[in-house]
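Observations on the three-dimensional arrangement
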Amino acid sequence: MTQNIAFIGLGNMGGPMAKNLIKNDFNVTVYDLNATAVAELKAAGADTANNAKSAVANADVIISMLPNGAIVKSLYTGPNGLINEVKDEVLIIDSSTIAADDARAVAKACEQKGIAMIDAPVSGGTAAAEAGTLTFICGGEKADFEAAKSILSAMGRHIFHAGASGAGQVAKICNNMLLAIHMIGTAEALNMGAQQGLDPAVMSDIMKASSGNNWSLQVYNPYPDVMPNVPSSKDYQGGFMVDLMSKDLGLSQELAAKSKSATPLGAMATQLYQIHQAGGAGGLDFSSILKLLQNKK
Ligand code: NAD
């Protein structure tokens, strides 16, 4: 029988992810605070709800893709928390990037109600969300992970079980700290070459065939007009906002302190993104860190 999925949070990532579930013939009911995002999904074939509670009323599976841990906790375990509204046999999949401790707290509250929950943050960015090629990094009971796999496969290509509850978030935060570091490094190298009169497109080709090659260069070039359809070629609109990268780096530093791990480059990346954010760039894509290096608004 086709599963009923409630999808909550239809932003840059959640919108295209929900569309891929519809394309794969799941029954999808959506909710977001933003009515325009809901209308777009309705046009794509989703059922819509006026609030989260009605969205989950008939759900076999709930997927959330929300900005931060406070919102995720409030949605599920707050005063009108969804864990009091759902069917017993529901599976909750939270794909937001949040602190591992927040994910564990929600999973524990679910467990006390007999509800299954996994953390399943994603990597790959908006292009992968659209193409259905995300990487899912999951934490939770193995059986719940196995139950989620066929649904996650409709939105992603690589699906990992990182370990117990919260492990998906730990792995995701390690990855995003590295992403910030190589994005800044890539922007620094391209900017220095351009200051020396080199063409950033030629520089990119050289580094992609050399030892500086990395994901930012391959699929997310921060220098405008080197690559089509990436945020840097669209005035840094869309993509993964500086506000969200700054949040993830903050989580990385909390994790570093907690686990007594030395992350000097992670700390530097956190500071640089905070400076960029304080300069008013919070709503731009994170590859706009190039503008900070160039001292451009
Ligand atoms: P976004 O800001 O574009 O979307 C978030 C959506 O959640 C918005 O549409 C907002 O209206 C909605 N929302 C907020 N509070 C809500 C509530 N209480 N009820 C219902 N809807 C609510 O963010 P995004 O880029 O889609 O990112 C979502 C999550 O995915 C974040 O945790 C982010 O860190 C993570 N992530 C993003 C990317 C990326 O490239 N953008 C990549 C990997 C992971």
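This text goes with the structure placed above it.
First things first, this report covers the structure right here in the doc. Worth saying up front: this structure is predicted, and the values here are computed from it rather than measured.

**Let's talk about the layout of surface pockets**
Of the voids in this model, the largest pocket is the one considered here, and its volume is about 1000 Å³. As for the largest pocket, its lining consists of 43 residues, of which Met13, Met65, Leu66, Pro67 and Leu244 are closest to the centre. At the level of secondary structure, the elements contributing two or more residues to the lining of the largest pocket comprise helix H3 (52-56), helix H4 (69-77), strand S7 (122-123), helix H6 (125-131), helix H8 (167-195) and helix H11 (242-258). Ranked by residue count, the leading element in the lining of the largest pocket is H8, at 6 residues. Along the lines of polarity and charge, the residues of the lining of the largest pocket split into 21 nonpolar, 17 polar and 5 charged. For the lining of the second largest pocket, the elements supplying multiple residues, two or more each, are H6 and helix H10 (215-219). Take the lining of the second largest pocket: its biggest share by element is 5 residues, from H6. Of the residues in the lining of the second largest pocket, the class split is 8 nonpolar, 8 polar and 2 charged. Each of domain 1 (4-164) and domain 2 (170-293) accounts for three or more of the residues forming the lining of the second largest pocket.

**Quick word on the side chain of Ser232**
Structurally, Ser232 is set in the loop between H10 and H11. By relative accessible area, which is 4% here, Ser232 ends up buried. Among the polar contacts listed, one links the side chain of Ser232 to the backbone oxygen of Tyr223, at a separation of 3.4 Å.

**Some thoughts on the nonpolar core**
For soluble globular proteins, nonpolar side chains are generally found buried alongside one another. If you look at the biggest cluster of nonpolar residues, it comprises 36 residues, and the most contacted ones within it are Phe7, Met17, Leu21 and Phe136. Not counting chain neighbours up to four residues away, the residues in contact with Leu21 comprise Ile5, Phe7, Phe26, Val28, Ile63, Ile151, Ala154 and Met155. If you look at the next biggest cluster of nonpolar residues, it comprises 26 residues, including Ala6, Ala59, Ile115 and Met117.

**What about the site of the ligand?**
The local shell around the ligand holds 25 residues, among which Asn12, Met13, Asp32, Leu66 and Lys247 are the closest. At a separation of 2.6 Å, an oxygen atom of the ligand approaches a polar side-chain atom of Asp32. The separation between a nitrogen atom of the ligand and a polar main-chain atom of Gly239 is 3.2 Å. For the ligand, the protein covers 87% of the area, taking 830 Å² as the surface of the free molecule.

Parameters and conventions
- Residues numbered from 1 in each chain as written.
- Predicted model: local features only at pLDDT ≥ 70, side-chain atom pairs only at ≥ 80, totals over all residues.
- Heavy atoms only, no water.
- 1 Å grid on protein atoms, 1.4 Å probe; cavity = no way out; pocket = protein on both sides within 12 Å on 5 of 7 lines; lining within 4 Å.
- Points joined across faces, edges and corners; volume = space filled by probe spheres on them.
- Helix = DSSP H or I, 4+ residues; strand = E, 2+ residues; numbered from the N terminus.
- Nonpolar A, V, L, I, M, F, W, Y, C, P; charged D, E, K, R; others polar.
- Domains from an automatic or database assignment.
- Buried < 20%, exposed > 50% of the residue type's maximum accessible area, 1.4 Å probe, protein only.
- Polar contact = N/O pair within 3.5 Å; in protein donor to acceptor, adjacent residues only side chain to side chain.
- Core = buried A, V, L, I, M, F, W, Y, C linked by side-chain atoms within 4.5 Å.
- Contact = heavy atoms within 4.5 Å.
- Near = heavy atom within 4 Å.
- Areas by Shrake-Rupley, 256 points an atom, 1.4 Å probe, with all protein chains shown as cover.

By themselves, these are just geometric observations and shouldn't be taken as functional.
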